[in-house]
Amino acid sequence: MVAYGSDGSGSAGLGFPSFDSAEPAPADGGAPVQGCDAARPGDGGILAYGSDAAPSAGPGPLPRGSDEAPSADGGSTSRGSGRVPPPDPGLPFYGSGRVPQSDPDRPFYGSGRVPQSCPDRPPYGSGRAPQPDPDPSPYGSGKAPQSDPDPPPYGSDFLQLDAGDASGSGKADWLARRLRQAIADGRLAVGSRLPPTRVLAGELRVSRGVVTEAYRRLTEDGHVEGRRRGGTVVVAAPALPPSASPTGHARAVDDSAPGTLFVGEPGAKVFDALRAVRARVDFTPGQPDLAAFPRTAWLRAERAVLTGLSSEQLGYGDPRGAPQLRRAVAGWLARSRGIRVEPDEVLIVAGTAQALTLLHPVLRAAGIDSIAVEDPGSLGTRQHLANGALATPPVPVDDDGVRVDALRATGARAALLTPAHQFPTGVVMSGERRRDLLRWAEDGGLIIEDDYDAEHRYDRPPVPALRALLADHVCYAGSVSKLLAPALRIGWLVPPPRYRDALTEAKRFTDLGNAVLPQLVLARLMDSGDLERHLRLLRGRHRRRRDAMIDAIARHLPGATVHGAAAGLHLTVTYEPQVPDTDLAAAALARGVKCQPLSWHRQLPGRPGLVLGYAATAPGAIAEGVAALGEALRTLSRTASRPQVDPPA
């Protein structure tokens, strides 16, 4: 085999020329190495890449690109022989030193010629520097490139840091403080990557231990997290201290900055902003176990639906929803909630949010301009009603449910309630309170029943929906957001007869109906029993996670009171009022734990607390998150109990 770059030929077809010599190899059969002058005999005349000589003899297959047929003795033209096959005369073999005719200005690698289209760029290894960039020196030359002078002695472009601002013994404190401030004000957003410790130490001209110590403190605070090859990443933002507006009132939340989530009154985008914040432990209430979504059952139902789907069903459908799903929902409500309803009375909507949006103009047209809400009650629901220009007078909730006497005192003609599992306290409305509420409705009131998670119960018997008791005065709303996934955006609305046609018209002019394919798949899940089997699976998983949270609260928050443990996807925890719950939620987020303060869901004063969802978090992470909550509460309590010393006059 001819070595790379050789111009010699083998002796009698048996030897190989060397790299730089045309002399034949010795006959002792020794195998040369790169750079030697001898070649190994006995390989049948196969030439190496770059050779211009053909083998004298020797069997072998016809090389790719050759136009010669093998001879009787098996000889063939080898790769790199320098001969060009007639079908493509302009295409030489690799390393032949010839330029293909179709591209005369483009030589092969190693030919030593420069293509005409780039005359100033020599080949690799030529020793010449390209003309457009003559200054940079090769690595290891000891010379610094002219375009990259020495960095400033004490500064870094990263956050405009200047180590000269730190005291001689407090560089780690200074750096940790600057990084924490940058995370809080949004310059280092969640997901940002910090520079490697060696790089930042070199730019600041400090020891690497200074940077390592600063990163360690941020890690202990829960602000950053080391991810091996992924570097050190920001995972949570601390809360900034509250600042008052020029009028003296607390300003609304700036939803674009995670550090201000719990400052002032929550704005319309606060839930979007909170969802966007990454945290080690997520206790967001109302979030189901999305990892348990029945993917196999859903795919099986989807294949069955597509197999039997007619072409006509792919067109525009009934704005009330697919008839198959309305029948399935009617059966589901009869079995699980005690509601007897005809399919034509069911309106399929994109979750409870769209149900409320459809109700806004219909209720205003009926002369209803305010809807009483529970207090504490869902902030999100209150925001939806306010978006529809409806007032939301608060009605207190006690251990028996909403106080009907306070509801009458508001003068509101409608009330939005969660009687089966009150959000966020978890109270189940008592029988006596239900009878009193139904009497209020018979006197001309309208009840909007939000049955958001009634299927999830563990330690108590089921309670019937109010819609099953007084159909003409209850507008019932439900969805699969807590049962399957919020992303499906499928729910249902069962209005009183007097509002049915107006709501159907509102739905028609809103979107002409929901997507049909997901409706048909959900209907099949309901009819086949797969949805009920999934619910039984979820109840076991959720019960274990609820028990893990209750145990962790008993260990790490011994003075706290747990509410609503018998059902649902969340717990509400209240504690002594020395620490505002917004401060506690901010301190928890700074430690990588996401939750909601109870005061977000209040309009009236009350005890501080937290609303903690457990359904989407594994038991081990639940224990870790509650431990962080306990640490944060103890820290804030110590700070609040310290005596305030007046400054000297």
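Scroll up to find the structure.
Throughout what follows, the structure given in this document is the object of discussion. Worth saying up front: this structure is predicted, and the values here are computed from it rather than measured. Sequence order sets the numbering: in each chain, residues are counted from 1 along the sequence as written. Where local features are concerned, this predicted model is filtered to residues with pLDDT of at least 70; where side-chain atom pairs are given and counted, the filter is 80 or more; whole-chain, interface and lining totals use all residues. Hydrogens and water molecules were not included; the side-chain quantities draw on all heavy atoms of the structure.

Description of the overall build of the protein
- Looking only at helices and strands, one finds 15 helices and 19 strands in the protein.
- Buried residues are those whose accessible area, probed at 1.4 Å on protein chains only, stays under 20% of the maximum for their type, while exposed residues exceed 50% and partly exposed ones sit between those limits. Expressed as a percentage of its 649 residues, the buried residues of the protein come to 46%.
- Residue exposure ignores everything except the shown protein chains as possible cover, and the areas themselves are Shrake-Rupley values with a 1.4 Å probe. Accessible area for the protein stands at about 32300 Å²; split by element, carbon and sulfur atoms hold 52% of it. In this description a helix means any DSSP run of H or I spanning at least four residues, a strand means any run of E spanning at least two, and both kinds are numbered starting from the N terminus.

So, unusual backbone geometry
- A cis amide bond, omega 0°, links D375 with the succeeding residue P376.
- If you trace the backbone, P376 turns up in the loop between strand 8 (372–375) and helix 8 (379–387).
- Following F423, the chain continues into P424 via a peptide bond in cis, with omega recorded as 5°.
- With respect to the helices, strands and loops of the structure, P424 is situated in the loop between strand 11 (414–417) and helix 10 (431–442).
- The phi angle at Q160 is positive, at roughly 55°, despite the residue not being glycine.
- Assignment of secondary structure puts Q160 in the loop between strand 1 (155–156) and strand 2 (161–162).

What to know about the sheet that holds strand 12 (residues 446–450)
- With mixed pairing, the eight strands of this open sheet are ordered in space as 7-14-13-12-11-8-9-10. The sheet is open, and its two edges are formed by strand 7 (347–349) and strand 10 (401–402), each paired on a single side.
- Where strand 12 lies against strand 13 (residues 474–479), four bridges are found, and the strand directions are parallel. Looking at the pairing, I447 lines up with V474 of strand 13.
- Against the sheet, helix 11 (residues 497–511) contacts strand 7, strand 12 and strand 14 (491–494), and its axis sits at roughly 40° relative to strand 7. Strand pairing is defined by DSSP finding a minimum of two bridges between the two strands. The contact criterion used throughout is that any non-hydrogen atoms of two residues lie within 4.5 Å. Interaxial angle, 0 to 180 degrees, is taken between N-to-C directions of lines fitted to C-alpha atoms, where a helix line uses only the stretch in contact.

Details of empty space enclosed by the protein
- Here a cavity is any set of points on a 1 Å grid over the protein atoms alone where a 1.4 Å probe fits but cannot get out, and a pocket is any open set with protein on both sides within 12 Å along at least 5 of 7 lines; a residue lines the site when it has an atom within 4 Å of a point. Grid points are joined across faces, edges and corners, and a volume is the space filled by probe spheres set on the points. Counting across every chain of the model gives three cavities of 30 Å³ or more.
- In this structure, the largest cavity encloses a volume near 50 Å³.
- Each residue gets one of three labels, nonpolar for Ala, Val, Leu, Ile, Met, Phe, Trp, Tyr, Cys and Pro, charged for Asp, Glu, Lys and Arg, and polar for the others, Gly among them. By residue class, the composition of the lining of the largest cavity is eight nonpolar, no polar and no charged.
- Considering only enclosed or pocket space, the second largest cavity measures out at about 30 Å³ in volume.
- Surrounding the second largest cavity, R320, D344, E345, V346, L347, P495, R500 and T504 form its lining.
- Looking at the lining of the second largest cavity, its residues break down into three nonpolar, one polar and four charged.

Topic: the packing of helix 7 (residues 351–365) against helix 8
- Where helix 7 meets helix 8, the axes come as close as 9 Å, and the angle between the chain directions of the two elements is 30°. Considering their axes alone, helix 7 and helix 8 lie roughly parallel with respect to each other. Considering the relative orientation of helix 7 and helix 8, their crossing is right-handed. Where helix 7 abuts helix 8, its residues A353, L356, T357 and H360 lie against T381, H384, L385 and N387.
- Residues belonging to the contact of helix 7 with helix 8 are distributed by class as follows: three nonpolar, five polar and no charged. Note on terminology: angles under 35 degrees are roughly parallel, angles over 145 are roughly antiparallel, angles of 65 to 115 are roughly perpendicular, and the others are oblique. Left-handed is the label given to a crossing in which the near helix is rotated counterclockwise from the far helix by less than a right angle, and right-handed is the label when the rotation is clockwise.

Describing the pattern of salt bridges
- What makes a salt bridge here is a side-chain nitrogen of Lys or Arg within 4 Å of a carboxyl oxygen of Asp or Glu, nothing more. Inspection of the entire model under this criterion finds 31 salt bridges.
- For the salt bridge of R433 with D400, the shortest nitrogen-to-oxygen distance reads 3.8 Å. Residue R433 is found in helix 10, and its partner D400 is found in the loop between strand 9 (394–398) and strand 10; the two are separated by 33 residues along the sequence.
- Using a relative accessible area of 15% as the deciding quantity, one classes R433 as buried.
- Residue classification places D400 among the partly exposed residues on the basis of a relative accessible area of 36%.
- A salt bridge links R546 to D459, with the shortest nitrogen-to-oxygen separation between them at 2.4 Å. One end of the pair, R546, is in helix 13 (residues 530–556); the other, D459, is in the loop between strand 12 and strand 13, and 87 residues separate them in sequence.
- Overlapping salt bridges bring together D173, E213, R216, R217 and E220 as one network.

Remarks on the sheet that holds strand 3 (residues 193–194)
- Within the open sheet, the three strands sit side by side as 3-5-4. Their pairing is antiparallel. The open sheet terminates on both sides in strands that have one partner only, identified here as strand 3 and strand 4 (224–226).
- Across three bridges, strand 4 lies against strand 5 (residues 232–234) in antiparallel orientation. Bridging from a neighbouring strand, G226 pairs with T232 of strand 5.

So, the layout of surface pockets
- Size it by volume and the largest pocket reaches roughly 1200 Å³.
- Along the walls of the largest pocket sit 40 residues, with R275, S378, G380, T381 and K482 positioned nearest its centre.
- Examining the composition of the lining of the largest pocket, we find that six residues originate from one element, helix 8, more than from any other.
- Residues that form the lining of the largest pocket fall into these classes: 13 nonpolar, 18 polar and nine charged.

Things to note about the packing of helix 5 (residues 295–308) against helix 12 (residues 516–528)
- The N-to-C vectors of helix 5 and helix 12 enclose an angle of 115°; their axes lie 9 Å apart at closest approach. In terms of orientation, helix 5 and helix 12 fall into the roughly perpendicular class. Viewed along their axes, helix 5 and helix 12 form a crossing whose handedness is right-handed. Where helix 5 abuts helix 12, its residues A297, W298, A301, E302, A304, V305 and L306 lie against L517, P518, L520, V521, L522, R524 and L525.

What about the packing of aromatic side chains?
- When the centres of two rings from Phe, Tyr and Trp lie within 6.5 Å, Trp using its six-membered ring, the rings pair. Their planes under 30 degrees apart give stacked, over 60 give edge-to-face, and anything left gives tilted. A full pass over the atoms with the stated rule returns four aromatic pairs.
- Ring geometry for F262 against W600: centres 5.3 Å apart, planes inclined by 25°, an arrangement best described as stacked. With F262 in the loop between strand 5 and helix 4 (270–276) and W600 in the loop between strand 18 (596–597) and strand 19 (609–613), this pair connects stretches of sequence that are 338 residues apart.
- Of the residues examined, F262 reaches a relative accessible area of 8% and is grouped as buried.
- Between the aromatic rings of F423 and Y452, the centroid separation amounts to 6.1 Å while the plane-to-plane angle is 85°, which identifies the pairing as edge-to-face.

Structural notes on the environment of Y215
- Following the sequence through the fold, Y215 ends up in helix 3 (residues 208–221).
- Residue Y215 is classed as buried on the basis of its relative accessible area of 5%.
- For the pair formed by Y215 and L194, sequence separation is 21 residues and the distance between their alpha carbons is 9.0 Å.
- Contacts of Y215, omitting those with residues within four sequence positions, involve L179, L194, P195, T197, L200, V224 and T232.

Some points on the nonpolar core
- Residues belong to one nonpolar core when they are buried, are Ala, Val, Leu, Ile, Met, Phe, Trp, Tyr or Cys, and are joined through side-chain atoms within 4.5 Å. Membership of the largest hydrophobic core comes to 39 residues, with the highest contact counts inside it found for F283 and L612.
- Among the secondary structure elements, those contributing two or more residues to this core are helix 4, helix 13, strand 16 (570–574), helix 14 (581–590), strand 19 and helix 15 (619–641).
- Setting aside residues up to four positions removed in sequence, L612 forms contacts with F283, M549, I553, H570, L571, V573, C595 and L629.
- Judged by nonpolar contacts, the second largest core, of 36 residues, contains A485, L520, V521 and L522.

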